[in-house]
Structure formats: structure tokens, C-alpha cells
There are 2 protein chains.
Amino acid sequence: MSLDIETYLEEKRQTVDRYLEAHLPPVGTSPAVLHEAIRYSLLAGGKRLRPILTIAAAESIGSPPRAVLPVACAFEFIHTYSLIHDDLPAMDNDDFRRGKPTNHKVYGDGVAILAGDGLHTMAFEWCSRADLVNDIEPYVQVQIIQELALGAGNHGMVGGQVLDIQAENQRVALEELRTIHAHKTGKLIRAAVRAGALLSGADLRQFDQLTAYAEDVGLAFQIADDVLNVTGTREELGKDANTDAERGKQTYPGFYGLEGARKLAQDRADHAISCLKGFDEKADSLRGMAQYIVSRKR
Amino acid sequence: MSLDIETYLEEKRQTVDRYLEAHLPPVGTSPAVLHEAIRYSLLAGGKRLRPILTIAAAESIGSPPRAVLPVACAFEFIHTYSLIHDDLPAMDNDDFRRGKPTNHKVYGDGVAILAGDGLHTMAFEWCSRADLVNDIEPYVQVQIIQELALGAGNHGMVGGQVLDIQAENQRVALEELRTIHAHKTGKLIRAAVRAGALLSGADLRQFDQLTAYAEDVGLAFQIADDVLNVTGTREELGKDANTDAERGKQTYPGFYGLEGARKLAQDRADHAISCLKGFDEKADSLRGMAQYIVSRKR
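The structure reproduced in this document is the subject of the present report. This structure is a prediction, so every number in the text was calculated from the model and none was measured.

## Structural notes on the overall build of chain A
Stage number 1. Helix and strand counts for chain A stand at 14 helices and two strands.
Stage number 2. On C-alpha atoms alone, chain A measures out to a radius of gyration of 18 Å, which is about the 19 Å that the 2.2 N^0.38 rule sets for 298 residues.
Stage number 3. Viewed in the frame of its principal axes, chain A has a C-alpha envelope of about 50 × 50 × 35 Å.
Stage number 4. In chain A, buried positions account for 53% of the 298 residues.

## Considerations on the relation of the copies chain A and chain B
Stage number 1. Relative to chain B, chain A is turned by 180° and slid 0.0 Å along the rotation axis, the superposed coordinates differing by an RMSD of 0.0 Å. The two molecules are tied by a two-fold rotation axis, judged by turn and shift. In terms of C-alpha distance to the rotation axis, chain A has Pro-138 of chain A as its closest residue, with the C-alpha 2.7 Å off the axis.
Stage number 2. Both copies contact each other with a shared surface, as 100% of the interface residues of chain A are interface residues in chain B too.

## As for the interface of chain A and chain B
Stage number 1. Contacts between chain A and chain B engage 41 residues on the former and 41 residues on the latter.
Stage number 2. Elements supplying a minimum of two residues to the side of chain A that touches chain B: α2 (32-42), α6 (109-128), α7 (138-152) and α8 (157-167) of chain A.
Stage number 3. Of the residues forming the side of chain A that touches chain B, the biggest block, 13 residues, is contributed by α6 of chain A.
Stage number 4. When the residues that make up the side of chain A that touches chain B are grouped by side-chain class, the tally is 23 nonpolar, 14 polar and four charged.

## Points about unusual backbone geometry
Peptide bonds are mostly trans, and most non-glycine residues show a negative phi.
All names here are of chain A.
Stage number 1. In this chain, Ser-30 is followed by Pro-31 through a cis amide linkage whose omega measures -5°.
Stage number 2. Relative to the helices and strands, Pro-31 is located in the loop between α1 (5-23) and α2.
Stage number 3. A positive phi is found at Arg-48, a non-glycine position, where the angle reads about 65°.
Stage number 4. Positionally, Arg-48 belongs in the loop between α2 and α3 (49-61).
Stage number 5. Judged by local crowding, Arg-48 falls into the buried class, with 24 C-beta atoms found within 10 Å.
Stage number 6. A positive phi angle, close to 55°, is found at Asn-93, a residue other than glycine.
Stage number 7. With respect to the helices, strands and loops of the structure, Asn-93 is situated in the loop between α4 (68-86) and β1 (96-97).

## Notes on helix α9 (residues 174-199) of chain A
All names here are of chain A.
Stage number 1. Between the first and last C-alpha of α9 there are 35 Å, a value that for 26 residues agrees with the 38 Å anticipated at 1.5 Å per step.
Stage number 2. Within α9, the axis deviates most sharply at Gly-186, by approximately 50°.
Stage number 3. Within α9, 20 of the 26 residues are buried, leaving the element largely enclosed by the surrounding structure.
Stage number 4. Of the residues flanking the end of α9, it is Gly-201, one or two places downstream, whose phi is positive at about 65°.

## Some remarks on helix α12 (residues 252-274) of chain B
Residues and elements named next belong to chain B.
Stage number 1. In this model α12 runs just 23 Å from its N-terminal to its C-terminal C-alpha over 23 residues, more than 12% under the 33 Å that 1.5 Å per residue would give.
Stage number 2. At Leu-258, α12 is deflected by roughly 95°, the largest bend along its length.
Stage number 3. For α12, every residue scored as buried is listed here: Tyr-252, Pro-253, Ala-261, Leu-264, Ala-265, Arg-268, Ala-269, Ala-272 and Ile-273.
Stage number 4. On the buried face of α12, the contacting elements are α9 (204-231) and α13 (284-295).

## Re the packing of α6 of chain A against helix α7 (residues 157-167) of chain B
Stage number 1. Packing of α6 of chain A against α7 of chain B brings their axes to within 9 Å, and their N-to-C directions diverge by 165°. For the element pair α6 of chain A / α7 of chain B, the angle class is roughly antiparallel. Handedness of the α6 of chain A/α7 of chain B crossing: left-handed. Between α6 of chain A and α7 of chain B, the residues in contact are Gly-110, Val-111, Leu-114, Asp-117, Gly-118 and Thr-121 of chain A and Val-158, Gln-161, Val-162 and Ile-165 of chain B, respectively.
Stage number 2. Of the residues belonging to the contact of α6 of chain A with α7 of chain B, the class tally is five nonpolar, four polar and one charged.

## Observations regarding the packing of helix α13 (residues 252-274) of chain A against helix α14 (residues 284-295) of chain A
Residue and element names in this part refer to chain A.
Stage number 1. Close contact between α13 and α14 brings their axes to 9 Å; oriented N to C, the two are set at 175°. Taken together, the axes of α13 and α14 are roughly antiparallel relative to one another. Facing α13, whose interface residues are Ala-265, Gln-266, Ala-269, Ala-272 and Ile-273, α14 presents Arg-287, Ala-290, Gln-291, Ile-293 and Val-294.
Stage number 2. Class assignment for the residues of the contact of α13 with α14 results in seven nonpolar, two polar and one charged.

## Things to note about the nonpolar core
Stage number 1. Formed by 178 residues in total, the largest nonpolar core has its most connected members in Leu-148 and Ala-220 of chain A together with Leu-148 and Ala-220 of chain B.
Stage number 2. Excluding anything up to four places from it in sequence, Ala-220 of chain A contacts Ala-265, Arg-268, Ala-269, Ala-272, Ala-290, Ile-293 and Val-294 of chain A.

## Considering the environment of Val-294 of chain B
All names here are of chain B.
Stage number 1. Here Val-294 lies in helix α13.
Stage number 2. A count of 22 C-beta atoms within 10 Å places Val-294 in the buried class.
Stage number 3. Spatially, the C-alpha atoms of Val-294 and Gln-266 are 6.3 Å apart, while their sequence positions differ by 28 residues.

## Thoughts on the environment of Val-158 of chain A
Stage number 1. When you line up the elements, Val-158 of chain A lands in helix α8.
Stage number 2. Here the alpha-carbon distance between Val-158 of chain A and Asp-109 of chain A, two residues 49 residues apart in the chain, equals 19 Å.
Stage number 3. Setting aside residues no more than four positions away along its own chain, Val-158 of chain A makes contact with Ala-152 and Gly-153 of chain A together with Leu-114, Asp-117, Gly-118 and Thr-121 of chain B.

Calculation rules
Residues numbered from 1 in each chain as written. Chains lettered and ligands numbered in written order. Predicted model: local features only at pLDDT ≥ 70, side-chain atom pairs only at ≥ 80, totals over all residues. Helix = DSSP H or I, 4+ residues; strand = E, 2+ residues; numbered from the N terminus. Rg over C-alpha atoms; globule rule 2.2 N^0.38 Å. Buried ≥ 20, exposed ≤ 12 C-beta atoms within 10 Å, placed from the backbone. Least-squares fit on C-alpha atoms with pLDDT ≥ 70 in both. Contact = placed C-beta atoms within 7 Å. Nonpolar A, V, L, I, M, F, W, Y, C, P; charged D, E, K, R; others polar. Expected span 1.5 Å × (residues − 1). Bend = angle between axes of the 7 residues up to and from the residue. Axes fitted to C-alpha atoms, helices over the stretch in contact; angles between N-to-C directions. Parallel < 35°, antiparallel > 145°, perpendicular 65-115°, else oblique. Left-handed = near helix turned anticlockwise from the far one by under 90°. Core = buried A, V, L, I, M, F, W, Y, C linked by C-beta atoms within 7 Å.

Dropping the structure here:
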């Protein structure tokens, strides 16, 4: 595999960030504080893993159609809105995120709730805007919007968040932990990959392979996240470290120990890569991302 | 006009409620507390004005296509999510809504935020689901999703909410009050009507007429709401009365006096009806709703 994944990720991160800068409402757009709060969290230096998965999945089938960037950004909007709401005092009550004070710490809880709500709607707005998405079949566009909604909603991310707050300070079985993560993190990652596949006109077999890849990557990502929460420093993570233990959250290292969890994450990454059998070198970015996700430091 | 609007509204309210009951995830669907919290606010006896506007707008052009109900419900989902978030302690801190304790009073702030988020996503999910919306052209479906997003988002409802919380305890000019309401309430009502027009294949002239109707109705609705906040009792309103004055909110009665505001609302309703020139008796439900909106008691 000749692709340097760190270079690839950096290039695509810049592509996503440039597209955001070019298409977000300009600074000062009314209501100014809303757009400022949205930009504050959105442009705080996220890794852009979800949008890059959309791009890489589209690339793995063929050359990406132009519409891939607004759709990719939509997944980042959903992810960022969920972080803003998750950090609220009524939820996880976190003070730091991506190395900066959390949204509500800067703008207050009311504006933070609305900034999250605004980002949430923007995800669907960008996927449906004729000026941004105009070179794909409308029925594909509707399928992508449905993927986004199912990944984000009650049977996806929002449902996982509810299960997660219910599980705090409770003993949950391993099976339940898997369910929480499959929903909270897994479904949106899966949707991001499937949206990329839809954008590139994947056939049914490719679509299933990419779905299987995404499910493994989502699980690997979450296990690695749990490991980082234990081993990372606040500087590396950009947020408070070791918060899971303090909150009594069940984690993969809690069940398997640190080394066991690391191995489990690597197994999932290996399995994700094996799902891409038959894909040529255009899928190397997906292969590299699976490995990156378990070896990253933040 | 032979149509009895109260009977019409009651019939359509029941149609909407039956459709909701038949298509919401069944009670007990995991996570149970999330779906329970969503049902709690959604099935709390709302007037269903937004979905009925979608239905009536579709009817005004021709017989409604089947897909009108999921789309109509999507507008109720957006409206209900906004009420749940608006009632939170971080926003208006209201204890009663539709005659019952507010969502966060029953389920706590964390679940209430997530119930709102879940409803928000559901709006887009229902509009994009192939099993619910399957007899309209996909490009029309995308247009409807865009209307929903623009009505709900930063340049619509969410933007209006931000302007509204910023204006509390400030002296705002009448022009600014108009802007707040046009966004907070007006844009979603406008989108609900336009979605109905799109569903029925309105031509451009009809679409513009219905848009103008909706803008007048939205303004009439908000003025009437301000009047009711002064004159209504908690029993009539299902929520605390006279809260605007307590919070130092600028209102139409504040600018025009009660009688002046009532007259202004009636003028807007009359103007809304005049926008429907050339529409036959199939638009009588829209005409009746314009009048109902300014004469209602809750």
C-alpha cells in the first residue's frame, strides 16, 4: 500500500475545511451570535473522520462526483451538533473540547442548544440544496438524506446517547456496551460510508462490502476512543482525559484490560480491511483509515 | 363559504393523530424512555395547525396525494422539538405546556434535549423514507426537504429563537419584532404551506399566491398569540399566561394596545384570504383557517 494515510487525511481535512469556509454563511450573517457559535465548534480543528470516510468511500468506487463535499460536510454537522449537546451541563457537563472551552462555556447554554439545533438542520439543508447538490439523481439524493437521518436519529446516534446516559453509574453487560456504541458512534459512521457509496453509484455487492467495512471501523473507532480516554493526556485529546472512569462509565478497557482492548480494536481494523476484497487501489484510503483509527493519538 | 372550519380542523386533527399513532415506533421500542418522552410531547393534544396547513394547501390545488401525511407530520415534529427545547431551563424555563408539565419536568433536561433532537431528525427521516413517501417525484421530495430545512434552520425558526432570546429585557423596535416573528414562527408556517403546494404540483402562480397567504397567516398567528398571552387563562392556553410581560418580552399588544393588535391580526387574516383569488372552493379550508387563527381561544 503506497498511500501515506497521514498525508491523505491532512489533504482531505483541508479540502473539507476549505469547502466549509467557502459555503458557510459569512461571518456577521444574522443572527451573528448563532453563526459565530456554529463556526466556533465546527472550525475548532476536528479530525473530519466522518466526512473523509464519505469521500474515501466515494473514491473507492470511482472518481467522486462533485456533490460529495456537501454530503460529507453534513455528517460533520451532525457529529458537531451532537458534541455541543453532549457537552451541556444537562448531559456530560464537559468544559473542554478540541482543546478549547466547550460551546456553552463561551456562548451560554441557550445559544449552545440552538447552535446544535442549527447545525442539525444544516446537515439536511446542505444535502437538499439545489445549488450544492446538483449532479446526482434526486432519488439517490433522497436515499442519502434517509441514510443521514437513520444514522443520526432514534435508532442511531440519538438513541445511543440516551442508552449511554442511562448506563452511567450502572453495571452494564458487554453486550449492552456494544449496543450503546453501535448506536452512538457506529450508525453515523456507517451512514457516512454508505452515503459515499451511494454518491458513486456502488453496486449492491460493493454497497454491502462497504457497509460491513463501516461497521467494523465504527467499532474499532469506539474501542480505540475508550483506550485513548485512559492513556491520552488532555493535551493530546483536546479535552479532559480519564473522564469515563470518573463518571463510572463502562468501557472496553474495563472489560478487557488495556492490552485486550487494543488487540480487539486491531482485530476489528484488520477485519474491516478484509471486507474490501476485490476493491482495487482506489480503496487504499479506506484501508489506511481503518489502520489509522486504531493507531491514532487523538 | 359552507365549510365549518371547527369541524374541518377537528377531522384533520384526528387524521394526523391517527397517522402518528400508526407510524410512530411502538411503545416500548428501545430506548423506551426516548420514545416515551417523544410521545409525551407529541401526543399532548396540540392543535396540529402546521400539518393541517400542509394538508389544506395540498387540497386547495387538487386531491391530496397520499404522501401528504408523513410530510405534514414532519412539520409537527419540528414544531414539537422546538417547544421541548424552548421550554428548557436554559431557554424559557417553562413548567407547563399543552396543559401538562413540560418534557424536562418529567424526563429531566438530558432526555428532553435528546427527545427534541430525535424529533428533529425524525422530521427529515419521515420525508425521506421510501415506505412513507413513495408516490411523488424524488425531485419534488428533495424540494420539500429543502423547504423543511430552510423553514426550521438558521434563516428560519432556529435563527428566530436566537433573536428572541437576545431581545429579552431589551427595548426592540417594531421592525425588529417583526423580524423575530417572521423567523421564529413565520418561516416554518410558510414552509408547511409551500410543502403542501409542492405535493399537489401547484403551478408557479399558485405557489406564489400560497406563499403570500402563508406569510400573512404566520404574522396573524403570532399577533394573535401575543394577544392570547395577555388575555388567556392558564386553563385556556394549557401553559402559564401573561409570561411575555413577566419576561419583559416586546409584543404586538405592547406596541399597539390590545385592540390595535387584534385589528392588525384581523387585517392580516383578511389579506391572507385575499391572496387566494382565483382559487375555488377547494381553498375554503385555507380561508377558514386564516379566520380561525385570529379568533381562536388557545
